[in-house]
Amino acid sequence: MPDLLERLQDVRLRVARAAERAHRLPSQVQVVAVSKTVGAEMVMEAYRLGQTHFGENRTQELRDKTRVLANMGPMPDACWHLVGHLQSNKVKPAVELSDIIESVDSVRLAELVDLRAGELGRKLPVLLQVDFTAEPQRSGFVPEELLSAAEGLASLGNLAIQGLMTIAPLGLDEDELRRVFRSLVGLRDLLAGRCPRVDWRHLSMGMTDDFEIAIEEGSTIVRIGRAIFGERPYP
Ligand SMILES: *Cc1c(COP(=O)(O)O)cnc(C)c1O
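Now for a description of the structure that goes with this document. Since the model is a prediction, treat every value here as computed from it, not as a measurement.

### Regarding the pairing of strand 3 (residues 79-82)
Of the two faces of strand 3, both are covered, the one formed by Cys79 and His81 as well as the one formed by Trp80 and Leu82. In the sheet, strand 2 (residues 53-56) pairs with strand 3 via four bridges, with the strands oriented parallel. Residue pairing in the sheet places Phe54 in a bridge with Trp80 of strand 3. Assessed by its sense of winding, the connection that carries the chain from strand 2 through helix 3 (residues 59-70) to strand 3 is right-handed. Taken together, the two bridges between strand 3 and strand 4 (residues 100-104) define a ladder with parallel strand orientation.

And the structure:
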């Protein structure tokens, strides 16, 4: 198995090539290394190799890992993205521990995050998660729902809304993936027309299996786990 440096370099190269194909700059795409299930030593190794953005999907794991990391050495440039569904009883630690919450997936959650961020005197960067499948187990705003909620969300003073996030459904072919990613771009454009005060700069879309297609379609954040850290012990 190739080592971490090789995998990181390979991902950076693939990001750069995909950006070039889309006549974009590689620097316009932020790679978030999704470190769920990955040990703190490996995260620190990635940091020392220049990876600064990390993603976790569970608040408890984020807490445990950042504690261990704090004893391993300073990580002044580290930026922690929470990318998984957030339960309301975990909002407080999530707001304390994250630099950005990418998975704000309901008005109720947005209001809770706003409340907790206010208590901590923070203006917290967030992305609004969109789900294009409308399957009951999946989290995310349905597009029409987000369009009608956007003004209200934009008025939450302790949230710095920075754009949208989506997780493409499993098992799509390339054309279907492109349709999903274009739908997120289209929704962002509609929202930008409706709420021009909000900074809709980010589109977080693309994971290990589809990040190059996502970048070609305009992604500004790709969340990559397995291509950087190798296969996870469980799905
Ligand atoms: C696990 C996860 C990723 C990374 O998945 P890979 O397929 O390993 O790249 C990205 N986004 C979210 C929300 C995740 O939970």
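There is more to say, and it comes next.
### What about the nonpolar core?
Within soluble globular proteins, side chains that are nonpolar generally end up buried alongside one another. Ranked by internal contacts, the top residues of the largest apolar core, which has 69 residues, are Ile101, Val113 and Leu164. Looking at this core element by element, the count peaks at seven residues for helix 7 (residues 174-194). Ignoring any residue separated from it by four or fewer positions in sequence, one finds Ile101 in contact with Leu82, Leu86, Ala94, Val95, Val113, Leu124, Pro125, Val126 and Leu127. Counting residues in each nonpolar core, the second largest holds five residues, with Ile100, Leu127, Met165 and Ile221 among its members.

### A look at unusual backbone geometry
Positive phi is not limited to glycine here, since His23 has a value of about 55 degrees. Considering the arrangement of structural elements, one finds His23 in the loop between helix 1 (4-21) and strand 1 (30-34). Given the relative accessible area of 77%, His23 is considered exposed. The backbone phi angle of Thr37 is positive, close to 70 degrees, even though this residue is not glycine. If you trace the backbone, Thr37 turns up in the loop between strand 1 and helix 2 (40-48). Residue class for Thr37 comes out partly exposed when judged on its relative accessible area of 25%.

### Thoughts on the packing of helix 6 (residues 143-154) against helix 7
The N-to-C vectors of helix 6 and helix 7 enclose an angle of 20 degrees; their axes lie 10 Å apart at closest approach. With respect to helix 7, the element helix 6 is oriented roughly parallel. Taken as a pair, helix 6 and helix 7 cross one another with a handedness that is right-handed. Along its contact with helix 6, which presents Pro143, Leu146, Leu147, Ser148, Ala150 and Glu151, the element helix 7 presents Leu187, Leu190, Leu191 and Arg194. Tallied by class, the residues present in the contact of helix 6 with helix 7 amount to seven nonpolar, one polar and two charged.

### Notes on the environment of His85
Assignment of secondary structure puts His85 in the loop between strand 3 and helix 4 (91-97). Placed 60 residues apart in sequence, His85 and Leu25 show a C-alpha to C-alpha distance of 31 Å. Excluding its chain neighbours within four sequence positions, the residues that come into contact with His85 are Asn57, Ser103, Asp105 and Ser139. At 2.7 Å, the side chain of His85 and the side chain of Asp105 are in polar contact.

### Considering the site of the ligand
Near the ligand, the surroundings consist of Val34, Lys36, Val83, Ile167, Met207, Thr208, Arg223, Ile224, Gly225, Arg226 and Arg232. The backbone of Gly225 places a nitrogen or oxygen atom 2.8 Å from an oxygen atom of the ligand. Note that an oxygen atom of the ligand is positioned 2.8 Å from one of the side-chain N or O atoms of Arg232. Calculation on the ligand without its partners gives an accessible area of 380 Å², and the protein chains cover 93% of this total. With respect to the detected pockets, the ligand is housed in the largest pocket. Taken together, the residues of the shell around the ligand break down into five nonpolar, two polar and four charged.

### Here we look at the side chain of His81
Of note, His81 is situated in strand 3. A distance of 2.7 Å separates polar atoms of two side chains, one belonging to His81 and the other to His53. Polar side-chain contacts of His81 include one of 2.7 Å to the side chain of Glu102. Those residues within four positions of His81 in sequence are excluded, and the remaining contacts are Val32, His53, Phe54, Gly55, Glu56, Ile100 and Glu102.

Thresholds, definitions, all that
Just so you know, the residues in each chain are numbered from 1, in the order the chain's sequence is written. Residue-level local features of this predicted model are given only where pLDDT is at least 70; pairs of side-chain atoms are given and counted only at 80 or more, and the full residue set underlies all totals for whole chains, interfaces and linings. As a rule here, side-chain values come from all non-hydrogen atoms in the structure, and water together with hydrogens is ignored. A simple rule labels every residue: compare its accessible area, found with a 1.4 Å probe on the protein chains alone, to the largest value its type can have, and call it buried under 20%, exposed over 50%, or partly exposed in between. Runs of H or I in DSSP of at least four residues are treated as helices and runs of E of at least two as strands, each being numbered from the N terminus. Two strands are said to pair when DSSP picks up at least two bridges between them. Assignment of crossover handedness uses the view with strands pointing away from the viewer, where a clockwise path from the first strand over the helix to the second indicates a right-handed crossover. For this analysis, a nonpolar core means a set of buried residues of the types Ala, Val, Leu, Ile, Met, Phe, Trp, Tyr and Cys, connected via side-chain atoms within 4.5 Å. Every residue pair with non-hydrogen atoms within 4.5 Å of one another is taken to be in contact. Interaxial angles span 0 to 180 degrees and are taken between N-to-C directions of axes, which are lines fitted to C-alpha atoms, for helices over the stretch in contact. The cut-offs work like this: below 35 degrees is roughly parallel, past 145 is roughly antiparallel, 65 to 115 is roughly perpendicular, and the gaps in between are oblique. Handedness of a crossing follows from how the near helix is turned relative to the far one, being left-handed for an anticlockwise turn of less than a right angle and right-handed for a clockwise one. In this count, Pro and Cys sit with the nonpolar residues alongside Ala, Val, Leu, Ile, Met, Phe, Trp and Tyr, while Asp, Glu, Lys and Arg are called charged and the others, Gly among them, polar. Between N or O atoms, a polar contact is any pair within 3.5 Å; within protein, one atom must be a potential hydrogen donor and the other a potential acceptor, and residues adjacent in sequence are included only when both atoms are from side chains. Consider each residue's heavy atoms; a residue with any of them within 4 Å of a molecule or strand counts as near. The protein chains shown are the only cover counted for residues, whose accessible areas, like all others here, come from Shrake-Rupley with a 1.4 Å probe. Cavities and pockets are found on a 1 Å grid laid over the protein atoms alone: a cavity is a set of points where a 1.4 Å probe fits but cannot escape, a pocket is an open set with protein on both sides within 12 Å along at least five of seven lines, and a lining residue has an atom within 4 Å of such a point. If over half the atoms of a molecule are within 2 Å of the grid points of a cavity or pocket, the molecule is regarded as sitting in it.

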